[in-house]
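Overview (structure and organization)
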Amino acid sequence: MASGLTVIFGVSRIVNFAHGSLYMLGAYLAWTLVTSLPRGHLGFWGGVLGAALAVGVIGLVVEMLLLRRIYRAPELFQLLATFGVVLVVQDLALLTWGAQDLLGPRAPGLRGSVEILGLRFPLYELFLIVVGPVVLGLLLLLFHRTRWGTLVRAATQDREMVGALGVNQRMLFTSVFFLGSVLAGLGGALQLPRESVNLHMDLAIITEAFVVVVVGGLGSLSGAALAALLIGELHAFGILVFPKITLVLVFLVMAVVLVVRPHGLRGKPQPAAHGVAAAEPMIGAAPPALKLAGAVALLLAVALPPFLGDYALTVLTEIAICILFAASLHLIMGPGGMASFGHAAYFGLGAYGAALAATWLGVPMLGGLAMAPVLAGIFGVVFGWFCVRLSGVYSAMLTLAFAQIAWSVAFQWVELTGGDNGILGVWPDGWAAPKLAYYYLALALCLGGTLLLRRVVHAPFGYALRAQRDSALRAEAIGIDAFRIRWWGFTLAAIAAGVAGGLFAYGKGSVFPTYLAIPRSVDALLMVLLGGVQTLSGPIVGAIAYAGLQERLMRLLEYWRLVLGAVIILLVLFFPQGLAGAARFFWERRHGDA
Amino acid sequence: MATLEVEGIQKSFGGVQAVRGVSFAVEPGEMLALIGPNGAGKSTCFNMLNGQLRPDAGRVRLQGRDITGLKPREVWRLGVGRTFQITATFGSMTVRENVQMALLSHHRRLGQLWRPVARMDAAEADALLARLGMAGQAGRPCGILAYGDLKRVELAIALANQPALLLMDEPTAGMAPQERVSLMALTAGIARERGIAVLFTEHDMDVVFSHADRILVLDRGALIAEGAPQAVRNDPRVREVYLGSGATSGH
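Reading the values: rules and limits
- Residues numbered from 1 in each chain as written.
- Chains lettered and ligands numbered in written order.
- Predicted model: local features only at pLDDT ≥ 70, side-chain atom pairs only at ≥ 80, totals over all residues.
- Helix = DSSP H or I, 4+ residues; strand = E, 2+ residues; numbered from the N terminus.
- Rg over C-alpha atoms; globule rule 2.2 N^0.38 Å.
- Buried ≥ 20, exposed ≤ 12 C-beta atoms within 10 Å, placed from the backbone.
- Contact = placed C-beta atoms within 7 Å.
- Core = buried A, V, L, I, M, F, W, Y, C linked by C-beta atoms within 7 Å.
- Domains from an automatic or database assignment.
- Nonpolar A, V, L, I, M, F, W, Y, C, P; charged D, E, K, R; others polar.
- Pairing = 2+ DSSP bridges.
- Axes fitted to C-alpha atoms, helices over the stretch in contact; angles between N-to-C directions.
- Expected span 1.5 Å × (residues − 1).
- pLDDT = per-residue confidence, 0-100.
- Left-handed = near helix turned anticlockwise from the far one by under 90°.
- Parallel < 35°, antiparallel > 145°, perpendicular 65-115°, else oblique.

Helix and strand counts for chain B come out as 9 helices and 10 strands. In terms of overall size, chain B behaves like a compact globule, its C-alpha atoms giving a radius of gyration of 18 Å where 251 residues would be expected to give roughly 18 Å. Buried positions account for 48% of the 251 residues belonging to chain B. Considering only residue pairs separated by 6 or more positions, chain B has 65% of its internal contacts joining residues 24 or more positions apart.

Here you go:
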């Protein structure tokens, strides 16, 4: 699995969330094939191989229809597009196979177990232990002994040069993607006898695979194998020794590896891509028309609510919270130039901070609201220290992995967090209990926070963030410590997200692990990208548009993920500047402004 | 005391010795040119001086203080300005803001979260830009500037921390001939006026021979000649290296 990911990434430099979906599809297809084919060796192994090949073909189609069009787009958009695929596949799988877990048959011939050193090992596990190195060996042979493999390795090192030598890059990429997809499908299919097939497989495996790939070093097959072994052992022994904290253990190993070797065990620093990236646009004062529009919107937001019903007030409160959440993510994505795919972690930590303070310490609402940014900020400092050490996609993957870890802790630590049942009864104090009062409180805090962030962007700190994004070389040459600036930027964003999360907790009256789950991180990403990364008003516009849209979609449609995923893909393909970006473009063109 | 003293610095990449035991010194107010054919080790040498590369052996001293192996930002804090062969500026900011960033960093005010940059150190930045003939461009974004103007912006940024030493890697590469002369004349004027030691690499021999006080010639990682322009021009080994490589050897 991880080897598939690392090969694809190495060559195409496309980080692929959809890989998890391919893995899940492999498992589902294998289930279908194995259960419908006649029992016995042929049925099982034929089903597994058939599923792997089918997934390869699906991967091929995705590559040709979608990814091929966006190889030149910024990495962030590529990630986002593959995330769109994840959402679509999830709903398609739900449509086809239903929501219940599916149990596969055992592998024929490998049902028993053997005793080694007094411990019983299932034969199938031993078989998997053998298969891993065999696949790895075959891949190494393929890459080092065939012409195709040589070309792929050459493309990994210098894409332009290989193109200049007359190699058809499209075919090369497509074939690599096919191979990677087959491996993902095979990985999924082989899991069939071990565990049930379910709809959460995709994100679970992708997090694990990212950890493996990051630990091993991107683009390094042997590194991935080494890391997979290491993590696998940790899981196995961790469960024996400390069953509750295996995840934390894995996280600690990753932390240690990244501190000692920032590019993974066997990875090398990424060569800089040729060519100069287009200059990011400037950030200036808002044009008068925008100021006017903002003032009108604010006036409406303050004057209208007393005449609205409770439901409308709830929606408006959520929109206000969304604005702050999106603005906090925008700080690290826009001026900071870093991508976070796990920003919900800080939102959710804020919510849990408030809820835990309320239920365990019994503090009143204001105390809970104060705890929210504190908890989010603490984790922002810790997680951020790792995430901002790396750049680009590495960093994005790490944010995702941390968010996933935070989610599983909230999910598994039932004694503290109530697990899946969440924490209920987090209600505001008496004075803020009416919806209207709470709305004004949320509006004040969220708009205040958003304006504060805006102020920061115009202050020296915000400029320093942009400076290290524009030119790391120049920033270092004038004494800017890019690491520290990014770290504090990350923390600041986490704190702001925490405030939003705390407000959300009291607004809903309850806190669930989904608050820090990946879909919520994607919500934030979409709000920022929908509005446009490059404008300060972008996240605000995006949050309003997105929150409104999602609210309608979820109300009307059962398969909202499908629609949302499709919207994301279309957005990436046709609307890369976002709403505010597009508006600005038309505005400037009409006014003949360069 | 010399502003910069370099003692036997060495650097290898894999099996290749890029720089083998180079020593020299730069005096305050002096324009010292480092020349040599392509691949002679000029850029490697340069990158070891401001901390982008760590020398395998040898010492680098700035005003008597050992700066070997410090990070570029630490070297900058001690008073070393740097311009790059390929300009590196902040494309999303105006010319003035670029200079303001260097000034703010020099005054250690980059952590501030509240006051807008627009009102900080703007006058000082404008004065610096005026000195470099860029006053009219202060409000333009760096992303759309002509290359020659970007080189001037880089110089303004490099001067912002009132450096004792200025490192200029091919300061006139990519500029029109007339611009080259005026930029170097400007640099020499500022260097003498403020007592800044300037070390620059250059391919244009007109620029080197008309503006350098002294010249170092590097070939295959080692110094082969050092001295006043006239002496270097007549050095038989220098002539051999340059005639062999086909470059012009001055006039």
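Moving on to the overall build of chain A. From N to C terminus, chain A includes 25 helices and 4 strands. By residue count, 51% of the 594 residues in chain A fall in the buried class. Contacts in chain A between residues far apart in sequence, at least 24 positions, make up 78% of those at least 6 positions apart.

The next point concerns the nonpolar core. With 251 residues, the main nonpolar core has Ala-354, Ala-500 and Leu-516 of chain A together with Ala-156 of chain B as its most contacted residues. Counting the residues that make up this core, at least three belong to each of domain 1 (2-207) and domain 2 (308-518) of chain A.

Right, let's get into the interface of chain A and chain B. Chain A puts 24 residues into the contact, and the matching count from chain B is 31 residues. Listed by contribution, the elements that provide at least two residues to the side of chain A that touches chain B are helix H18 (435-458), helix H19 (460-470) and helix H20 (472-477) of chain A. For the side of chain A that touches chain B, the leading source of residues is H19 of chain A, giving 7 residues. Looking at the side of chain A that touches chain B, its residues break down into 14 nonpolar, 3 polar and 7 charged.

This brings us to the sheet that holds strand S1 (residues 4-13) of chain B. Residues and elements named next belong to chain B. Spatially, 4 strands are ordered S2-S1-S4-S5 in an open sheet, and the strand pairing comes out antiparallel. Either end of the sheet is taken by a strand with one partner, and the two such strands are strand S2 (16-26) and strand S5 (65-66). Here S1 runs beside S2; their pairing, made up of 7 bridges, is antiparallel. Residue Leu-4 lies in a different strand from S2, and its bridge partner there is Val-26. Sheet strands touched by helix H1 (residues 42-49): S1, S2 and strand S4 (57-62). Its angle to S2, the strand with the most contacts, is close to 60°.

Bringing helix H14 (residues 344-361) of chain A into the picture now. Taking 1.5 Å per residue, 18 residues should reach 26 Å; H14 of chain A reaches 24 Å between its end C-alpha atoms and fits that length. Within H14 of chain A, 15 of the 18 residues are buried, which leaves it mostly tucked inside the rest of the structure.

Regions with low pLDDT carry predicted coordinates that are not meant to be interpreted in detail. Residue and element names in this part refer to chain B. When pLDDT is averaged along chain B, the result is 89, and 96% of the positions lie at 70 or above. Every residue in residues 246-251 scores below 50 in pLDDT, and together they form 11 contacts with partners more than four places removed in sequence or on other chains. We note a pTM of 0.81 for the whole complex and an ipTM of 0.89 for its interfaces.

Looking now at the packing of helix H22 (residues 518-531) of chain A against helix H23 (residues 538-556) of chain A. Geometrically, a packed helix pair is captured by the angle between its two axes and the distance between the axes. Residues and elements named next belong to chain A. Two numbers describe how H22 lies on H23: the axes approach to 7 Å, and their chain directions differ by 115°. Remark: the crossing between H22 and H23 carries right-handed chirality. Contacts between H22 and H23 pair Leu-526, Met-527, Val-528, Leu-530 and Gly-531 from the former with Gly-538, Pro-539, Ile-540, Val-541, Gly-542, Ala-543, Ala-545 and Tyr-546 from the latter. Its residues placed into classes, the contact of H22 with H23 shows 10 nonpolar, 3 polar and no charged.

On to the sheet that holds strand S9 (residues 214-219) of chain B, then. Residues and elements named next belong to chain B. The strand order S6-S7-S8-S3-S9-S10 describes an open sheet built from 6 strands, whose pairing is mixed. Only two strands of the sheet have a single partner each, and these edge strands are strand S6 (80-83) and strand S10 (222-227). Mean inter-strand twist for the sheet, computed between neighbouring axes without regard to direction, equals 15°. Pairing analysis gives 5 bridges linking strand S7 (residues 165-169) to strand S8 (residues 197-201), with the strands arranged parallel. Bridged to Leu-167 within S8 is Leu-199.

Residue and element names in this part refer to chain A. Residues of chain A with pLDDT of at least 70 account for 76%, and the chain-wide mean is 78. At the low end of the mean pLDDT range in chain A sits helix H1 (residues 2-12), at 44; at the high end sits helix H21 (residues 482-508), at 94. Low pLDDT (under 50) marks residues 1-14, which in the prediction has 61 contacts with non-local residues, meaning those over four places away or in another chain. A low-confidence stretch, residues 271-279 stays under pLDDT 50, and its non-local contacts, those more than four residues away or across chains, total 5 contacts.

All names here are of chain B. Axis separation between helix H3 (residues 95-106) and helix H4 (residues 122-131) bottoms out at 9 Å; the angle between their running directions is 115°. What the angle tells us is that H3 and H4 run roughly perpendicular. Between H3 and H4 lies a crossing of right-handed hand. When H3 is examined against H4, the residues Val-95, Arg-96, Val-99, Gln-100 and Leu-103 are found in contact with a partner set consisting of Ala-122, Glu-124, Ala-125, Asp-126, Leu-128 and Leu-129. Class assignment of the residues belonging to the contact of H3 with H4 gives a composition of 7 nonpolar, 1 polar and 3 charged.

Looking now at unusual backbone geometry. Even without glycine at this site, Gln-63 of chain B takes up a positive phi of about 45°. Assignment of secondary structure puts Gln-63 of chain B in the loop between S4 and S5.

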